[in-house]
Amino acid sequence: MLKIYGVPISVHTRKVILAARLKRLPFEVVPVVPVIPGNPPPDWGSLSPTGKIPVLQDGDFTLADSAAICAYLDRKQPLPPLYPADIRHHGHALWLEQYAGGTVFRDVVHPLFHETFVQPKIKGIATDASRIDGVLTRVVPEVFGYLDSVSGERFLAGDALSVADLAVASNLITMQYIGFTLERVRFPKLAALFDRVIRVPEVTAALQAEQPVVQQMALRSEFLNGVLA
Ligand SMILES: N[C@@H](CCC(=O)N[C@@H](CS)C(=O)NCC(=O)O)C(=O)O
């Protein structure tokens, strides 16, 4: 069975879990929370060269990085494909996966998570409200405005769900857990896309499986309660 090292509330770990679920590949999650000092296992450095989650173990094969792992899983189990066959949709899917894992995570979700969870709850350091304000007032309009502009009637890279949708939705899910809801009036096409993705049965099932972690980490549960109601 595949082993996925990480925690489901991590943006990048969730993306891999969703890919494995969609492809019906059996897996177990081995909990690793790198931001908690002393939490990762002693051999973590040899499993994750960057120290980050997720890491995949498939027998004696180990692979880090969610983008690499999703591409690997797609070769291991080609159906359903997570990468569009159409060359332009394919290019778009890779770009948006990169944008989600880079800009959206680095400039929006990571600073918000850091200031609302890591600093106050793990490190005992006061939240920097001005940093949060800067993200919400300066970064979110540009980044979510762009995502809204590329969201259409179906999924981000064509008619079928792709790795781009998983990458973007995963960022939005974690944002809800730390209390930042997506402004539906301001970003209506992105909100509609988000709804479509979380209603995919495998995605809803993955969210259900996150419930104990959300409770255990005392994260905001309104979003999850709404999805699972
Ligand atoms: N490019 C990597 C990024 C992974 C990443 O940033 N993971 C975060 C959690 S979502 C992490 O491990 N953070 C802990 C740390 O930086 O120590 C991927 O796609 O897997």
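Everything numeric here is computed off the predicted structure, so don't read it as measured data.

Trainee: Where do I start with the sheet that holds strand β3 (residues 55–58) in this structure?
Mentor: Strand pairing in a sheet takes place through backbone hydrogen bonds and is either antiparallel or parallel in direction. Within the open sheet, the four strands sit side by side as β2-β1-β3-β4. Their pairing is mixed. Each edge of the open sheet is held by one strand with a lone partner, namely β2 (27–31) and β4 (61–64). With strand direction ignored, the average angle separating the axes of adjacent strands in the sheet is 20°. One ladder, built from four bridges, connects β3 with β4; its direction is antiparallel. Bridge pairing in β4 links Val55 to Ala64. Packed onto the sheet, helix α1 (residues 11–22) meets β1 (2–6) and β2 and runs at close to 160° relative to β1. Its contacts with the sheet place helix α3 (residues 66–76) against β1, β3 and β4, and it is angled at close to 135° to β4.

Trainee: In this structure, what is going on with the nonpolar core? I would like to understand it.
Mentor: Across soluble globular proteins, nonpolar side chains show a tendency to be buried alongside one another. Among the nonpolar cores identified, the biggest contains 78 residues, and Ile9, Leu73, Val108, Phe144, Tyr177 and Leu190 are the most heavily contacted of them. Counting residues per element, this core draws most heavily on helix α4 (residues 87–123), which supplies eleven residues. In this structure, Ile9 is in contact with Arg14, Phe113, Thr174, Tyr177, Val213, Val214, Met217 and Leu219, ignoring residues within four places of it in sequence.

Trainee: Help me out: how do you make sense of the environment of Ser46 in this one?
Mentor: Within the element layout of this structure, Ser46 appears in helix α2 (residues 44–47). Under the relative-accessibility criterion, Ser46 is labelled exposed at 63%. In this structure the side chain of Ser46 is engaged in a polar contact, spanning 2.7 Å, whose partner is the backbone oxygen of Asp43.

Trainee: Explanation requested: the environment of Gln119 in the structure shown.
Mentor: For Gln119, the location among the structural elements is in helix α4. For Gln119, the residues in contact, after removing those within four places along its chain, are His114, Gly124, Ile125 and Ala126.

Trainee: Looking at this structure, how should I read the site of the ligand?
Mentor: Taken together, the residues surrounding the ligand are Ser10, Val11, His12, Pro34, Lys52, Ile53, Pro54, Asp65, Ser66 and Phe105. At 2.8 Å, a backbone N or O of Ile53 approaches a nitrogen atom of the ligand. Within the side chain of Ser66, an N or O atom sits 2.6 Å from an oxygen atom of the ligand. For the ligand, the protein covers 74% of the area, taking 510 Å² as the surface of the free molecule. Residues of the shell around the ligand, tallied by class, amount to five nonpolar, three polar and two charged.

Procedures and definitions
Position labels on residues start from 1 in each chain and follow its written sequence. pLDDT decides what is reported in this predicted model: residues at 70 or higher carry local features, side-chain atom pairs at 80 or more are listed and counted, and totals for whole chains, interfaces and linings draw on all residues regardless. The side-chain figures draw on all heavy atoms in the structure; neither hydrogens nor water molecules are used. A strand pair is defined by DSSP finding two or more bridges across the two strands. The helix count covers DSSP runs of H or I at least four residues long, the strand count covers runs of E at least two residues long, and both are numbered beginning at the N terminus. Only C-alpha atoms enter the line fits that serve as axes; for helices the fit covers just the stretch in contact. Angles between N-to-C directions range over 0 to 180 degrees. The contact criterion used throughout is that any non-hydrogen atoms of two residues lie within 4.5 Å. Here, the term nonpolar core denotes a set of buried Ala, Val, Leu, Ile, Met, Phe, Trp, Tyr and Cys residues that are joined through side-chain atoms within 4.5 Å. To sort residues, take the accessible area from a 1.4 Å probe on protein chains only and compare it with the maximum for the residue type: under 20% means buried, over 50% means exposed, and anything in between is partly exposed. Any N or O atom pair separated by 3.5 Å or less is treated as a polar contact, with the protein-specific requirement of one donor-capable and one acceptor-capable atom, and with residues adjacent in sequence counted only for side-chain atom pairs. Proximity is defined per residue: any heavy atom of the residue falling within 4 Å of a molecule or strand makes that residue near it. Accessible surface is estimated by sampling points in the Shrake-Rupley manner with a 1.4 Å probe; for residues, cover comes only from the protein chains shown. Residues are sorted three ways: Asp, Glu, Lys and Arg are charged, Ala, Val, Leu, Ile, Met, Phe, Trp, Tyr, Cys and Pro are nonpolar, and all the rest, Gly among them, are polar.

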